[in-house]
Amino acid sequence: MQTGRPRHLWKGVLVALLLWIGVDLFVPTRHSIRQFNPKDVAHLETAMWRSYYEKKPVLLFWQLATGLRQQFHAPFWRSFKLGSQAAKAAFDFKKGKSQTDYQQALPGLISYYESILALSTDRFDVAKLAELELNWWIIHRERGQYSYTDLANALIHTAAVQYNQPATDFSTYGKLRANAMRLRDESSKETGGTTEADWQRIEKELTQAWASLHQAVRGGP
């Protein structure tokens, strides 16, 4: 008499899950990208860098999705969709060997930022932002041809477009985040691997960088 109950229960759970996923993926929801916890973002970015350089792609993808929920308020299931878009752009870029190759990552970055824009109450120029994002990727990748000052300037202008504010508002952020990348790059070369102490220094620099950006955007338009 009761054998049908578990089956009905599981059907109910499945319907509820599908409904949650559908609402999560397709129902419009918007938040300000100016509202985030800079300490959490910095901690997660440090963890993502570690996963990337320690070749832990599954953990990296999970952290990326978590970061999208923290920084851009992406709903749970949509964060994985956005994570897939970001990962595709990153892998397209990683395969590149020349400036022409690197441009293959641009369509993926545009799709990614279109998805961010759909979540945001703040407006920004998607195409321009994607180009600037790719530019700082190239500068960091080809750092033998550029300086960390070039990288800092690229990060500054990327933030300025994303938040529609003067580039001068992000000078400290750009310098600190570029310096965090320099610390990671140099620690790897000097010791043959980034140590726990190195990662602590990197996270401290990133915490200060994101705190500076957060302070700048809280008073923005």
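These figures come from a predicted structure and were not determined experimentally.

A. Inspection of the overall build of the chain at higher detail. Of regular secondary structure, the chain possesses 10 helices and zero strands. When the helices and strands of the chain are read in sequence order from the N terminus, they spell out α-α-α-α-α-α-α-α-α-α. In the chain, buried positions account for 45% of the 221 residues. Contacts spanning at least 24 positions in sequence make up 66% of the contacts within the chain whose residues lie at least 6 apart. Accessible area for the chain stands at about 12300 Å²; split by element, carbon and sulfur atoms hold 58% of it.

B. Structural view of the side chain of Ser 115. Assignment of secondary structure puts Ser 115 in helix 6 (residues 106–119). By relative accessible area, which is 15% here, Ser 115 ends up buried. When residues no more than four places from it in sequence are discounted, the contact partners of Ser 115 are Leu 82 and Gln 85.

C. Up close: helix 3 (residues 57–72). With 16 residues, helix 3 extends 22 Å between its outermost C-alpha atoms, agreeing within 8% with the 22 Å of an ideal straight helix rising 1.5 Å per residue. Inspection of helix 3 places Gln 63, Leu 64, Ala 65, Thr 66, Gly 67, Leu 68, Gln 71 and Phe 72 among the buried residues, and these make up the whole buried set. Directly beyond the C-terminal end of helix 3, a positive phi value near 65° is found at His 73.

D. Spatial organisation of the layout of surface pockets. There is about 1600 Å³ of room inside the largest pocket. What lines the largest pocket is a set of 46 residues, among which Met 48, Trp 49, Ala 90, Trp 136 and Trp 137 lie closest to the centre. When contributions to the lining of the largest pocket are tallied by element, the ones reaching two or more residues are helix 2 (38–53), helix 3, helix 4 (76–94), helix 6, helix 7 (126–141), helix 8 (148–163), helix 9 (171–191) and helix 10 (196–218).

E. Summary view of empty space enclosed by the protein. Going through the model one piece at a time under the given rule, you end up with one cavity of 30 Å³ or more. Within this model, the largest cavity holds a volume of roughly 40 Å³. Around the largest cavity, the lining residues are Ile 139, His 140, Arg 143, Tyr 146, Ser 147, Tyr 148 and Leu 151. Of all the secondary-structure elements, those providing two or more residues to the lining of the largest cavity are helix 7 and helix 8.

F. Summary view of unusual backbone geometry. Located in the positive-phi region is Lys 55, a residue other than glycine, with phi close to 55°. Considering the arrangement of structural elements, one finds Lys 55 in the loop between helix 2 and helix 3. At His 73, a residue that is not glycine, the phi angle is positive and equals roughly 65°. Of note, His 73 is situated in the loop between helix 3 and helix 4.

G. Expanded view of the nonpolar core. Among the nonpolar cores identified, the biggest contains 58 residues, and Phe 170 and Leu 213 are the most heavily contacted of them. Only helix 2, helix 3, helix 4, helix 6, helix 7, helix 8, helix 9 and helix 10 provide two or more residues apiece to this core. Other than its neighbours up to four places away in sequence, Leu 213 contacts Phe 36, Ala 159, Tyr 163, Phe 170 and Tyr 173.

H. Molecular detail of the confidence of the model for the chain. Of the residues in the chain, 85% have a pLDDT of 70 or more, and the chain-wide mean is 88. For the chain, the element scoring lowest by mean pLDDT is helix 1 (residues 4–26), at 55; helix 8 scores highest, at 98.

I. Quick look at the environment of Arg 50. Structurally, Arg 50 can be placed in helix 2. When its relative accessible area of 25% is taken as the criterion, Arg 50 is described as partly exposed. Not counting chain neighbours up to four residues away, the residues in contact with Arg 50 comprise Glu 196 and Trp 199.

J. Seen up close, a positive patch on the surface. On the surface, a cluster of positive charge is contributed by Lys 55, Lys 94, Lys 97 and Arg 141. Structurally, the position occupied by Arg 141 is in helix 7.

K. Quick look at the environment of Phe 170. The residue Phe 170 is located in the loop between helix 8 and helix 9 in this model. Since its relative accessible area comes to 0%, Phe 170 is described here as buried. Measuring from C-alpha to C-alpha, the distance between Phe 170 and Ala 209 comes to 9.3 Å, with 39 residues separating the pair along the chain. Once residues lying within four places of it in the same chain are set aside, the contact partners of Phe 170 are Ile 156, Ala 159, Ala 160, Tyr 163, Gln 165, Leu 213, Ala 216 and Val 217.

Procedures and definitions
Residues numbered from 1 in each chain as written. Predicted model: local features only at pLDDT ≥ 70, side-chain atom pairs only at ≥ 80, totals over all residues. Heavy atoms only, no water. Helix = DSSP H or I, 4+ residues; strand = E, 2+ residues; numbered from the N terminus. Buried < 20%, exposed > 50% of the residue type's maximum accessible area, 1.4 Å probe, protein only. Contact = heavy atoms within 4.5 Å. Areas by Shrake-Rupley, 256 points an atom, 1.4 Å probe, with all protein chains shown as cover. Expected span 1.5 Å × (residues − 1). 1 Å grid on protein atoms, 1.4 Å probe; cavity = no way out; pocket = protein on both sides within 12 Å on 5 of 7 lines; lining within 4 Å. Points joined across faces, edges and corners; volume = space filled by probe spheres on them. Core = buried A, V, L, I, M, F, W, Y, C linked by side-chain atoms within 4.5 Å. pLDDT = per-residue confidence, 0-100. Patch = residues over 30% accessible without salt bridge, like charges linked within 9 Å, V, L, I, M, F, W, Y side chains within 5 Å. Salt bridge = Lys/Arg side-chain N within 4 Å of Asp/Glu carboxyl O. Lys, Arg positive; Asp, Glu negative; His and termini not counted. Charge placed at Lys NZ, Arg CZ, Asp CG, Glu CD.

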